[in-house]
Amino acid sequence: MSLTALDALLTDGRSRRIEGWRRGAVEFLVFGIKEARACLFAGLFFASVLLVPRAGLCGVPRYDVLLVAALAIQAWMLTSGLETRDELKAICLFHALGFALEAFKTSGGVHSWSYPDFAYTKVMGVPLFSGFMYAAVGSYIIQAWRLLDLRVRHHPPYWMAALVAVLIYVNFFTHHVLGDARWYLAAVALGLYARTTVSFRPLDRERRMPLLLGFVLTGFFIWLAENLGTFWGLWRYPNQLGAWSAVHVSKWSSWSLLVIMTFTIVANLKHVKARIHVPES
């Protein structure tokens, strides 16, 4: 089955005669399939991480091979119609913001983590493929929006959401000098999105959940993916240089905040805005 045919099947909202525990089981299964499909870019990219040896391929360093793989996946998704040009622009923005953050975090004065292997495509010590790990989060949100028919109710005013998103991003830089304000920002986000709900359609009926819960759950799965990346030596934190250990659970909060920032960017796409309800003041 082609992806186009699979997507048509997954987004078919016609009513089904399923009740009781069977409905719950079927909805949970279809929801899982849709989530996996939304992670297409991330899944293919991490498959590349697992398949490409640390020594690289045919004399080409691993980081360079991964950059080629990421570019090929992105080009295929665009040409096959899985992503639009407007969505690609947003994903490129995620890539740029992610690369800037990586360059700062790996700099000599900060050294929060490092990329130990050689690559021809390293800029300021950061391999260019790294920005695609942030772009993967944006790609997931964009794909999930369509596949799950997401709609947001009681979204805060866009300028407020944008301000919080900017402050979240800035804090990733300034907390090394001014102190970490993540919990203050988390408290602000809690108040801002307290009434916000997201409706989604696993099968043929609309379900709802607090948007904040979605942020936290997405952040958790990114944290799990980060553990996978460090386990395979893609990058390393200072405490992992001798032997691998799990990424500190505090990174979960950082990723959840980053998801808020990413969601805010996606929410400004024209076709996404049509599905967002902002109460009149």
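Residues numbered from 1 in each chain as written. Predicted model: local features only at pLDDT ≥ 70, side-chain atom pairs only at ≥ 80, totals over all residues. Heavy atoms only, no water.

**Let's talk about the packing of aromatic side chains**
Counting across every chain of the model gives 22 aromatic pairs. Geometry around Tyr-158 places Lys-273 over its ring, the cationic atom sitting 4.6 Å from the centre. (Phe/Tyr/Trp six-rings, centres within 6.5 Å; stacked < 30°, edge-to-face > 60°. Lys NZ or Arg CZ within 6 Å of the ring centre and 35° of its normal.)

**Describing empty space enclosed by the protein**
Applying the stated criterion to the full structure yields one cavity of 30 Å³ or more. There is about 60 Å³ of room inside the largest cavity. Lining the largest cavity, in full, are Phe-94, Leu-97, Gly-98, Leu-101, Tyr-134, Val-137, Tyr-169, Leu-258, Met-261 and Thr-262. Sorting the residues of the lining of the largest cavity by element identifies α5 (85–105), α6 (131–147) and α10 (250–266) as the ones contributing at least two each. No other element matches α5, which puts four residues into the lining of the largest cavity. A breakdown of the residues in the lining of the largest cavity according to their chemical character gives eight nonpolar, two polar and no charged. (1 Å grid on protein atoms, 1.4 Å probe; cavity = no way out; pocket = protein on both sides within 12 Å on 5 of 7 lines; lining within 4 Å. Points joined across faces, edges and corners; volume = space filled by probe spheres on them. Helix = DSSP H or I, 4+ residues; strand = E, 2+ residues; numbered from the N terminus. Nonpolar A, V, L, I, M, F, W, Y, C, P; charged D, E, K, R; others polar.)

**Structural notes on the pattern of salt bridges**
Side chains that carry opposite charge are capable of pairing whenever their charged atoms lie near each other. For the structure on display, the rule yields 15 salt bridges. Between Arg-207 and Glu-27 there is a salt bridge, with the nearest N and O atoms lying 2.9 Å from each other. Of this pair, Arg-207 sits in strand β5 (residues 207–210) while Glu-27 sits in helix α2 (residues 20–38); the two residues are 180 residues apart in sequence, bridging distant segments of the chain. On the basis of relative accessibility, which here comes to 31%, the residue Arg-207 falls in the partly exposed class. For Glu-27, a relative accessible area of 8% puts it in the buried group. (Salt bridge = Lys/Arg side-chain N within 4 Å of Asp/Glu carboxyl O. Buried < 20%, exposed > 50% of the residue type's maximum accessible area, 1.4 Å probe, protein only.)

**With respect to the environment of Leu-213**
Relative to the elements of secondary structure, Leu-213 occurs in helix α9 (residues 211–231). When the C-alpha positions of Leu-213 and Thr-197 are compared, they lie 9.3 Å apart, and in sequence the two are 16 residues distant.

**Section: the sheet that holds strand β4 (residues 197–200)**
Spatially, the three strands line up as an open sheet ordered β3-β4-β5, and their pairing is antiparallel. On the outer flanks of this sheet lie β3 (151–153) and β5, each paired with one strand and no other. Looking at each pair of strands side by side, their axes are set apart by 30° on average, direction ignored. For β3 and β4, the ladder comprises three bridges, and the chain directions are antiparallel. Within the sheet, the bridge partner assigned to Arg-151 lies in β4 and is Ser-199. With respect to the sheet, α9 is in contact with β4 and β5, its orientation differing from that of β5 by roughly 75°. (Pairing = 2+ DSSP bridges. Axes fitted to C-alpha atoms, helices over the stretch in contact; angles between N-to-C directions. Contact = heavy atoms within 4.5 Å.)

**Things to note about the nonpolar core**
Ranked by size, the top nonpolar core spans 75 residues in total, and within it Phe-45, Phe-129, Trp-145 and Tyr-193 carry the most contacts. Those residues in contact with Phe-45, other than ones at most four positions away along the chain, are Leu-66, Ala-70, Ile-73, Phe-129 and Met-133. (Core = buried A, V, L, I, M, F, W, Y, C linked by side-chain atoms within 4.5 Å.)

**Concerning the layout of surface pockets**
The gaps left among the atoms become clear once a water-sized probe is rolled over them. Here the second largest pocket defines a volume of roughly 220 Å³. Considering the residues around the second largest pocket, the lining is formed by 13 residues, among which Ala-186, Val-216, Ser-253, Ser-256 and Leu-257 are closest to the centre. Those elements giving two or more residues to the lining of the second largest pocket turn out to be α8 (182–192), α9 and α10. For the lining of the second largest pocket, the per-class residue count stands at ten nonpolar, two polar and one charged.

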